[in-house]
Amino acid sequence: MASITMRNLVKKYGGVTVIPDLNLRIEDEEFIVLVGPSGCGKSTLLRVLAGLEAIDGGELLIGDTRVNDVPAARRDIAMVFQDYALYPHMTVRQNMSFALEMRGMTPAETAPRVEDAARLLDIHPYLDRRPKALSGGQRQRVAMGRAIVRDPKVFLFDEPLSNLDAKLRGQVRAEIKTLSRKLKTTMVFVTHDQVEAMTMADRIVVMKSGQIQQVGTPEEVYDNPVNVFVASFIGAPSMNFLPARIEGDRLALADGGETLPLALMAEAAPAAGEVLLGIRPEHFQIVPEGQGLSAVIDLVEPLGSDTLIHCALAGQRVIARVSPDIRPVAGQRISLTSIAGKAHLFDPDSQTRIGQTEGQAT
Amino acid sequence: MTTRPSDSRWLDGLNLVLLVLAGVIVMTPTAWMVLSSFKPSYEVTAYPPTLVFQPTLENYATLNSQTPFLRYTMNSLIVTVGSTLFGLLLGAPAAFVASWTRITWPAVVTLMARMAPGTLFLLPWYVMFRQVDMIGSYTALILTHAVITLPVVIWVLLPYFDNIPRSIYEAAQVDGCSPFRIFRRIALPLVSSGLAVSAILAFVFSWNFFLFALVLSNSQTKTLIAASFNFIGEGSTNWGGLMAAATIIALPPLILAAVVQRWLISGLTLGAVKG
């Protein structure tokens, strides 16, 4: 169990700088999720933490120890790989005890730890099978078991759920979260799936182009995104953006001239100027005609728990999430507004959220 | 019931004809050799050749009585097994490192050495071994044959190592393995079928290697294939004895070739990763 500190961390591949200058502290026993689109550097960062990639600048500490030049074998971290990376020629038992054996433990010492981890993960019946005789979910558990038996300082997960089907993914997601509470070990989890990030993390680190965009609890990142990128990446369907300008105490949409009261905004708006209005789909509400923004429904997607309405609004495509009791039809004209205090304003040039308090951005 | 298009059946038929034709072309010299070894000496060179004859073991008896055949066989085994083991001992780690580091030029160099005509090395090789007084020694023969076995082992094993998912190596690193332990505990067991194939191919190539064995051996260390040359005399050639010797020399490679087929089916890495 240990904290992780990254100071001015730099990672390059040849002439390409993948991580230009990264600062982050992960607290002891914290469950951190690194999230971002493909190529944002999250997996590279995880591999740097694991010691599988060399650091080109800055400092990396696990606990109080500087590990820049410490090889993976001596970092006392465990990693669950995207493709599980089980040793195919070994049984589940051998897979799980291998790391302990490498640390000089005898079979008598490894056996009870393997048994305990196997029971915890419900893979006890498969201990003498080889990986190829297991299903995807079972292999995934063995990969976790292999990490657990070592009782490492840090667990690293590199998109471990991406090869599972949707149902199993949800199940294993919950299991990992439960496990993190039981084990009380620092965990770093990489995913491109914002649902995984939201549901599992103590804190989310949103990354783009090797740079941290925002660090915060799932609620903070969702409710108070620091910029357009975070706002659009976190949340599914993503936040709707509409170009607008401030006119007095109202917000006029750039195309169509329709207005909304500024009182609906989450933060204090500037006195004047161009802005980007951001409203999450679930923060739209349908109001009587004339009291909101006029929109024409293009497509209706009933999801059971709620309904997604795709509309054309002021020349933009927007998605609103409404109650399943509302049964709109394509072609219908509706009037939409934002729930008070839920709409955000972004600076169209810097793309940052207007009026955010200090410390929200990294 | 499904019916196959006539085009497909026509192609199947053509394939069969071509396969039979290729088989006949490949097997005719071997069949000729084996049949001749069982013919009386006057029938071996008869023209037109006879296909129906009274088989005899006369050539094999001559072979056994007139030449130290057993010693030649032992010599061949010592040199072939020695050079195969030498090739495996150096070639397997070399292939692993080439795959791990993705630096393959040293492997290309060994291949070039293999591809170059043997006579190119013959003279310097002979002079070198004569200077250290090793002509006729098993060591000289084993080292020379390693020129054949080493590239075979490296180039057969390289794709096997390349096929091991990188993440398995990385998992072993995280689990606390040094590179040597990764090689010994993870990589080698996963390429066991490749090891078998490369060992068998190296054995066959070394067994059949004629030129260096002829020049670098002496009467005590002569290998089977070099010794078979003795049957070709200046005035007359004992074709029957030569065919019997050739048949016996060809047996181990033929048997091993049959064994290789079992090992070529490699399914060991199944289940290692997703899927």
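In the annotation of an unreviewed UniProt entry, the entry for chain B reads Carbohydrate ABC transporter permease, and the organism field reads Paracoccus siganidrum. Regarding chain B, the UniProt comment filed under Subcellular location (unreviewed entry) reads as follows: "Cell membrane".

Looking at an unreviewed UniProt entry, one finds chain A named sn-glycerol-3-phosphate ABC transporter ATP-binding protein UgpC and attributed to Paracoccus siganidrum. Per its UniProt entry, chain A bears the Sequence similarities (unreviewed entry) comment "Belongs to the ABC transporter superfamily."

Contacts between the two partners involve 27 residues from chain A and, on the opposite side, 25 residues from chain B. Surface buried jointly by chain A and chain B totals about 2,300 Å² across both partners, of which 58% is contributed by carbon and sulfur atoms. Among the residues chain A hides against chain B, the three largest losses belong to A:Pro88, A:His89 and A:Met102. Together they make up 24% of the total. Our enumeration of links across chain A and chain B arrives at three salt bridges. The tally of links between chain A and chain B comes to ten residue pairs in polar contact (both at pLDDT 80 or more). Put simply, the parts of the chain that give the side of chain A that touches chain B at least two residues each are strand S6 (77–80), helix H2 (92–102) and helix H4 (136–148) of chain A. Examining the composition of the side of chain A that touches chain B, we find that four residues originate from one element, H2(A), more than from any other.

Per the UniProt annotation, the sites labelled "transmembrane region" (unreviewed entry) are residues 12–35, 77–98, 105–126, 138–158, 190–216 and 236–260 of chain B. Between the end C-alpha atoms of residues 105–126 of chain B there is a gap of 27 Å, over a span that is 86% helix and 0% strand.

Glancing now at the domain arrangement of chain A. Residue and element names in this part refer to chain A. By domain assignment, chain A separates into domain 1 (4–232) and domain 2 (238–346). Here the C-alpha centroids of domain 1 and domain 2 sit 39 Å apart. With nine residues of domain 1 at the interface, the matching set in domain 2 holds nine residues. Carbon and sulfur atoms make up 56% of the area that domain 1 and domain 2 hide from each other, which totals about 730 Å². When residues of domain 1 are sorted by the area they lose upon contact with domain 2, Tyr222, Val228 and Ala231 head the list and together hold 59% of the total. Seen at the junction of domain 1 and domain 2, the total is four residue pairs in polar contact (both at pLDDT 80 or more).

The next subject is the UniProt feature "domain: ABC transporter" (unreviewed entry) in chain A. According to UniProt, the "domain: ABC transporter" (unreviewed entry) feature falls on residues 4–234 of chain A. Along residues 4–234 of chain A, the helical share is 37% and the strand share 26%, with 25 Å between the first and last C-alpha atoms.

Attention now moves to the confidence of the model for chain A. On average, residues of chain A carry a pLDDT of 91, and 98% of them reach 70 or more. Taken together, the stretch residues 358–362 of chain A has pLDDT below 50 and engages in ten contacts with residues farther than four places along the chain or on a different chain.

What follows is about the pattern of salt bridges. Across all of its chains, the model carries 21 salt bridges over all chains by this definition. A salt bridge links A:Arg7 to A:Glu59; its shortest N-O distance comes to 2.8 Å. Taken as a pair, A:Arg7 in strand S1 (residues 4–13) and A:Glu59 in strand S4 (residues 57–62) lie far apart in primary sequence, 52 residues in all. Using a relative accessible area of 40% as the deciding quantity, one classes A:Arg7 as partly exposed. In this structure, A:Asp76 and A:Arg150 form a salt bridge, with 3.9 Å as the shortest nitrogen-oxygen distance. Of this pair, A:Asp76 sits in the loop between strand S5 (65–66) and S6 while A:Arg150 sits in the loop between H4 and strand S7 (154–158), and the two are 74 residues apart along the sequence. Note on A:Asp76: relative accessible area 25%, which makes it partly exposed. Its relative accessible area of 6% is what places A:Arg150 among the buried residues. Linked through salt bridges whose partners overlap, the residues forming this network are A:Lys11, A:Arg47, A:Glu53, A:Asp56 and B:Glu170.

Let us look at a nonpolar patch on the surface. All names here are of chain B. Side chains of Trp10, Leu11, Leu14, Leu18, Leu21 and Ile25 sit close together on the surface and give an oily, nonpolar patch of about 640 Å² of accessible area. Relative to the assigned elements, Leu18 resides in helix H1 (residues 6–37). Taking the relative accessible area as the measure of exposure, Leu18 reaches 47% and is therefore partly exposed.

About the cut-offs
Residues numbered from 1 in each chain as written. Chains lettered and ligands numbered in written order. Predicted model: local features only at pLDDT ≥ 70, side-chain atom pairs only at ≥ 80, totals over all residues. Heavy atoms only, no water. UniProt positions renumbered as here; feature names shortened; annotations may be inferred. Contact = heavy atoms within 4.5 Å. Buried area = accessible area lost by both parts, 1.4 Å probe. Salt bridge = Lys/Arg side-chain N within 4 Å of Asp/Glu carboxyl O. Polar contact = N/O pair within 3.5 Å; in protein donor to acceptor, adjacent residues only side chain to side chain. Helix = DSSP H or I, 4+ residues; strand = E, 2+ residues; numbered from the N terminus. Domains from an automatic or database assignment. pLDDT = per-residue confidence, 0-100. Buried < 20%, exposed > 50% of the residue type's maximum accessible area, 1.4 Å probe, protein only. Patch = residues over 30% accessible without salt bridge, like charges linked within 9 Å, V, L, I, M, F, W, Y side chains within 5 Å. Areas by Shrake-Rupley, 256 points an atom, 1.4 Å probe, with all protein chains shown as cover.

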